[in-house]
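As a plain string of letters, each chain reads:
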Amino acid sequence: QSLPQQKLLTWLSVLECVEVFAEMGTARVWGEMGRWTIIVLIQLAKAILRLLLLLWYKAGIQTSPPIVPLNREQQQPLHPQDVEDNFSGKDQTYVGRRSSRVVRSLQSTPSLQSRHWGSPQQREESQSRRAEEMNQPPTPLGLQETIAESIYITRPLLHLLSLGVWGQRSWKPWLLSAVLDISSLSLLSDLKDLNRRERAELRRRTILLLYYLLRSPFYDRYSEGRILLLLRLLADYVPGVGFVTRPLMDYLPAWQKIYFYNWG
């Protein structure tokens, strides 16, 4: 990736990290008008950055989060003693004569901070496989797939526009957003030879369609009573589940009012 593309991904990641805080903080300071203003500005900035990545840098299907979090356990460098043993030619493993089991030799045991329970070969294979997955280029998108990704990127802006035209209690913004999400996934379903990250992103988008059960006005008219009843039954009749379901019942009304938790 070029340096400008990395900067775009960084700014996009920053926006996704602070969007909920910005919405809640602005609502506390400037009220409802300020809240919707910051929501529109953040969604507009995210759409511009994503369209630049899609159309200018040919980034393909964009994942969320834009920058994959670093797994420090798997990215841990080799212990200096391991490196020294590699150069000196010492055997890091011992193969049992009867069981043929591969175990680490006592001479090459790393420090506690960098110790792991797999064999050195397994660790090297895992790191090399992960490096290959991370370095895979994005799948080239044709015209149909580019339109589908553009629909997914601009869907929040169209939803906000429809909210301004028809109001928050209308079914039209809910239906428009659902149609755009389903259309985008349908157009992208024909794409073959996706890498692992892109397949995971499409699965995530498909699972997120369940959020429409929690989005107003569907939630207010149909889902709320049934979800709360199910959580209450689980809390009353399943031992131990109440520690999770009761706080969730208290949190759902506040969670449902925050735009970026529902629609972001």
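Note: the structure precedes this text.
Residues numbered from 1 in each chain as written. Predicted model: local features only at pLDDT ≥ 70, side-chain atom pairs only at ≥ 80, totals over all residues. Heavy atoms only, no water.

Participant: What is the right way to look at the nonpolar core in this model?
Facilitator: In a soluble, globular protein the nonpolar side chains are often hidden away together inside. In this structure, W36, I39, L160, Y259 and F260 are the most contacted members of the largest nonpolar core, which totals 14 residues. Mapped by element, the contributors of at least two residues to this core are α1 (3-56), α4 (143-166), α5 (172-188) and α9 (259-262). For this core, the leading source of residues is α1, giving five residues. When residues of this core are sorted by domain, at least three fall in each of domain 1 (3-66 + 138-215) and domain 2 (223-262). Once residues lying within four places of it in the same chain are set aside, the contact partners of L160 are W36, I39, V40, Q43 and Y259. (Core = buried A, V, L, I, M, F, W, Y, C linked by side-chain atoms within 4.5 Å. Buried < 20%, exposed > 50% of the residue type's maximum accessible area, 1.4 Å probe, protein only. Helix = DSSP H or I, 4+ residues; strand = E, 2+ residues; numbered from the N terminus. Domains from an automatic or database assignment. Contact = heavy atoms within 4.5 Å.)

Participant: Looking at this model, I keep getting lost on the side chain of Q62. Mind explaining?
Facilitator: Note on placement: Q62 falls in the loop between α1 and α2 (80-88). In contact with Q62, other than residues within four places in its own chain, are L12, R50, L53, L54, E149, I153, E201 and R205.

Participant: Which parts of the structure should I look at to understand the pattern of salt bridges?
Facilitator: Side chains bearing opposite charge may pair, as long as their charged atoms lie close to each other. Per the counting criterion, the structure on display carries nine salt bridges. As a salt-bridge pair, R50 and E16 come within 2.6 Å of each other at their nearest N and O atoms. With a relative accessible area of 10%, R50 lands in the buried category. A single salt-bridge network, built from bridges that share partners, covers E149, E201, R204 and R205. (Salt bridge = Lys/Arg side-chain N within 4 Å of Asp/Glu carboxyl O.)

Participant: Explain the packing of aromatic side chains here, please?
Facilitator: Here the distance between the centres and the angle between the planes together describe a pair of aromatic rings. In this structure the tally under the stated criterion is 10 aromatic pairs. Taking the centre distance of 6.2 Å and the plane angle of 90° together, the rings of W171 and F218 count as edge-to-face. Of this pair, W171 sits in the loop between α4 and α5 while F218 sits in helix α7 (residues 218-237), and the two are 47 residues apart along the sequence. For F218, a relative accessible area of 21% puts it in the partly exposed group. Ring geometry for W174 and F218: centres 5.5 Å apart, planes at 5°, overall stacked. (Phe/Tyr/Trp six-rings, centres within 6.5 Å; stacked < 30°, edge-to-face > 60°.)

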